[in-house]
Amino acid sequence: MFFKRSYKPDYLLMSVLFILTVLGMVILASASSELGKSKFNDSYYYLKHQIIFGLSFGIIGFIAAYFIPYKNWRYFSFALLILSIIFLSLVFTKLGISSGGASRWVKIGPVSFQPAEIIKLTFIVYLAAWLSNPKMDRIKDFWVGFIPFILVSGFIATMLILQPATSVVMILLGTALVMYLVSGARLLHIAIAIAAGAAVIAVAILATPYRLQRIMTFINPQKDTTTYSYQINQSLNAIGSGGIFGVGYGRSVTKGGFLPGPADDSIFAVAAEELGFAGAGTIVALFAIFVFRLFWLAKNLRDKFGQLILVGFGSLVAFQSLINMAALSGLMPLTGIPLPFISYGGTALAVFLTLGGISANISKYV
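The rules behind the values
Residues numbered from 1 in each chain as written. Predicted model: local features only at pLDDT ≥ 70, side-chain atom pairs only at ≥ 80, totals over all residues. Heavy atoms only, no water. Helix = DSSP H or I, 4+ residues; strand = E, 2+ residues; numbered from the N terminus. Rg over C-alpha atoms; globule rule 2.2 N^0.38 Å. Buried < 20%, exposed > 50% of the residue type's maximum accessible area, 1.4 Å probe, protein only. Contact = heavy atoms within 4.5 Å. Areas by Shrake-Rupley, 256 points an atom, 1.4 Å probe, with all protein chains shown as cover. Lys, Arg positive; Asp, Glu negative; His and termini not counted. Charge placed at Lys NZ, Arg CZ, Asp CG, Glu CD. Phe/Tyr/Trp six-rings, centres within 6.5 Å; stacked < 30°, edge-to-face > 60°. Lys NZ or Arg CZ within 6 Å of the ring centre and 35° of its normal. Salt bridge = Lys/Arg side-chain N within 4 Å of Asp/Glu carboxyl O. Axes fitted to C-alpha atoms, helices over the stretch in contact; angles between N-to-C directions. Parallel < 35°, antiparallel > 145°, perpendicular 65-115°, else oblique. Left-handed = near helix turned anticlockwise from the far one by under 90°. Nonpolar A, V, L, I, M, F, W, Y, C, P; charged D, E, K, R; others polar. Expected span 1.5 Å × (residues − 1). Patch = residues over 30% accessible without salt bridge, like charges linked within 9 Å, V, L, I, M, F, W, Y side chains within 5 Å. Polar contact = N/O pair within 3.5 Å; in protein donor to acceptor, adjacent residues only side chain to side chain. pLDDT = per-residue confidence, 0-100.

## Considering the overall build of the chain
Part 1 of the reasoning: When its secondary structure is counted, the chain shows 13 helices and 3 strands.
Part 2 of the reasoning: In terms of overall size, the chain behaves like a compact globule, its C-alpha atoms giving a radius of gyration of 20 Å where 366 residues would be expected to give roughly 21 Å.
Part 3 of the reasoning: Along the longest, intermediate and shortest principal axes, the C-alpha atoms of the chain span 60 × 45 × 45 Å.
Part 4 of the reasoning: Buried positions account for 50% of the 366 residues belonging to the chain.
Part 5 of the reasoning: Partitioning the intrachain contacts of the chain with sequence separation of at least 6 by distance along the chain shows that 72% fall at a separation of at least 24.
Part 6 of the reasoning: Accessible area of the chain: about 17000 Å², with a carbon and sulfur share of 69%.
Part 7 of the reasoning: Here the chain holds 26 positive side-chain charges and 12 negative ones, and the gap between their average locations is 9 Å.

## Some remarks on the packing of aromatic side chains
Part 1 of the reasoning: For the structure on display, the rule yields 18 aromatic pairs.
Part 2 of the reasoning: For the pair Y45 and Y46, a centre-to-centre distance of 5.3 Å together with 85° between the ring planes defines the contact as edge-to-face.
Part 3 of the reasoning: Ring centres of Y46 and Y344 lie 5.0 Å apart, and the angle between their planes is 90°; this geometry places the pair in the edge-to-face category. Residue Y46 is located in helix α3 (residues 45-67), and its partner Y344 is located in the loop between α12 (304-328) and α13 (346-363); the two are separated by 298 residues in the primary sequence.
Part 4 of the reasoning: For Y344, a relative accessible area of 25% gives the class partly exposed.
Part 5 of the reasoning: One aromatic cluster is present, built from ring pairs that chain together F40, Y45, Y46 and Y344.
Part 6 of the reasoning: Seen from the ring of W296, R293 lies directly overhead, with NZ or CZ sitting 4.3 Å from the centre.
Part 7 of the reasoning: In this arrangement the basic side chain of K364 is found over the ring face of Y66, its NZ or CZ atom lying 4.5 Å from the centre.

## Some words on the pattern of salt bridges
Part 1 of the reasoning: On inspection of all chains with the given rule, the structure shows 4 salt bridges.
Part 2 of the reasoning: As a salt-bridge pair, R293 and D10 come within 2.6 Å of each other at their nearest N and O atoms. Linking R293 in helix α11 (residues 267-300) with D10 in the segment before α1 (11-31), this pair joins segments that are 283 residues apart in sequence.
Part 3 of the reasoning: Judged by its relative accessible area of 21%, R293 is partly exposed.

## Here we look at the side chain of S343
Part 1 of the reasoning: Relative to the elements of secondary structure, S343 occurs in the loop between α12 and α13.
Part 2 of the reasoning: Ignoring any residue separated from it by four or fewer positions in sequence, one finds S343 in contact with Q50, A263, D264, I267 and P338.

## Examining the packing of helix α10 (residues 230-241) against α11
Part 1 of the reasoning: For the pair α10 and α11, the least separation of the axes is 6 Å and the interaxial angle reads 25°. Judged by the angle between their axes, α10 and α11 are roughly parallel. Pair α10 / α11 crosses with left-handed handedness. Residue-level inspection shows S235, A238, I239 and S241 of α10 in contact with α11, the latter providing A269, A272 and E273.
Part 2 of the reasoning: Across the contact of α10 with α11, the residue classes break down as 4 nonpolar, 2 polar and 1 charged.

## Some words on α1
Part 1 of the reasoning: With 21 residues, α1 should cover 30 Å at 1.5 Å per step; its first-to-last C-alpha distance of 30 Å lies within 8% of that length.
Part 2 of the reasoning: Each element contacted by the buried residues of α1 is listed here: α2 (33-40), α3, α11 and α13.

## Let's talk about a nonpolar patch on the surface
Part 1 of the reasoning: Judged by side-chain polarity, F18, I19, V22, V26 and Y249 come together as a nonpolar surface patch covering roughly 460 Å² of accessible area.
Part 2 of the reasoning: With respect to the helices and strands, V22 occurs in helix α1.
Part 3 of the reasoning: On the accessibility criterion, V22 (35% relative accessible area) is partly exposed.

## As for the packing of α1 against α11
When two helices pack together, you describe them by how their axes are tilted relative to each other and by the distance separating the axes.
Part 1 of the reasoning: Look at α1 against α11: their axes get within 10 Å of each other, and the N-to-C directions meet at 160°. Here α11 runs roughly antiparallel to α1, going by the angle between their axes. Crossing of α1 over α11 shows left-handed handedness. When α1 is examined against α11, the residues L12, L13, V16, L17, I19, L20, L23, I27, L28, S30 and A31 are found in contact with a partner set consisting of I267, V270, A271, E274, I283, L286, F287, I289, F290, R293, L294 and L297.
Part 2 of the reasoning: Its residues assigned to classes, the contact of α1 with α11 comprises 20 nonpolar, 1 polar and 2 charged.

## Comments concerning helix α6 (residues 142-161)
An α-helix turns once every 3.6 residues. As a result, residues three or four positions apart point the same way.
Part 1 of the reasoning: Of all the residues in α6, the buried ones are G145, F146, F149, S153, I156, A157, M159, L160 and I161.
Part 2 of the reasoning: Buried-residue contacts for α6 involve α4 (77-90), α5 (115-131), α7 (166-182), α8 (187-207) and α9 (209-219).
Part 3 of the reasoning: In this structure D141 caps α6, since a side-chain oxygen of it lies 2.9 Å from the backbone nitrogen of W143.

## Describing the confidence of the model for the chain
Part 1 of the reasoning: Within the chain, residue pLDDT values average 91, and 96% of them lie at 70 or more.
Part 2 of the reasoning: Overall, residues 1-5 carries pLDDT values under 50, and its contacts beyond four positions in sequence, including any with other chains, amount to 11 contacts.

## Focus on unusual backbone geometry
Part 1 of the reasoning: In the segment running from Q163 into P164, the intervening peptide bond is cis, with an omega of 0°.
Part 2 of the reasoning: In this structure, P164 sits in the loop between α6 and α7.
Part 3 of the reasoning: At N41, a residue that is not glycine, the phi angle is positive and equals roughly 60°.
Part 4 of the reasoning: By the element assignment, N41 lies in the loop between α2 and α3.
Part 5 of the reasoning: On the basis of relative accessible area, N41 is assigned to the exposed category, the value being 69%.
Part 6 of the reasoning: Phi at F341 takes a positive value of approximately 70°, unusual for a residue other than glycine.

Here is the structure:
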């Protein structure tokens, strides 16, 4: 039966997913309050939008994905990937919305969304289906395995770089490589793919001044503290002022106009300021438990397709959360990557909750 439930889901996975989602709403309510009040005269503007356009669609996606047997995703994985690539191409048309020099949004009628977030889901599902195809032993072969993997990944990466969305490219390619490695690929092929990806990203950085400036800011954050290094210095000030237990929920000073992007890219810094090292450590621990649980489930699942989806989702959350928190802590260059489940962004939240639903469904078969 299409909606037949086989076993019980993994309650630890679902519990952590629930906690991260609720915690994200609580943190967003505080982090975005000053920005919402100054821009729209509504302290809860961003929270309301996140609930209406992110959480509501995310719950629908989670429920649908939870009840649909995960193996059915294999049959329409290619069609979903093609559809998401079409959406990606729409950002370069009249339907695309430009902001801050980047074209990352598409607006169709009253609905606007980020195709780059959607392709995270579809690319993971497509790769899992392709790499687990029992009819072709393609993984270790250079021409029918490695080359198609590079061509498809490279094509999607090129479209993302043109938006530009270099940080999404890094996360998506990193996730793809982990899935490719777990599927049984040769280490030589992995090394070639890493070298090729690094070369492409290096060229993209050197060819665009703002990307190169981020690297220079990371090397010397004390230079140009009022311009290029402003965000990282404000972020470090926010995290540092939080101490052990924080200044108190809702009492952040930096979110009131000092820290850029308090509701999205820099939300972890606001959380660390208000909740302190204890709160920030809890967030890190929740992400770690979530990721390791996904990997544990993948290890104990017999079906390769389900294994690869779990590994892909776990890698995606691991890379994205690690890069966001590390960048805001001064451990790597700023990227503009939001924090999963917590940062403002309806499309991202809906996609991650849908992937959570797929993972919960897979966990019933472990």
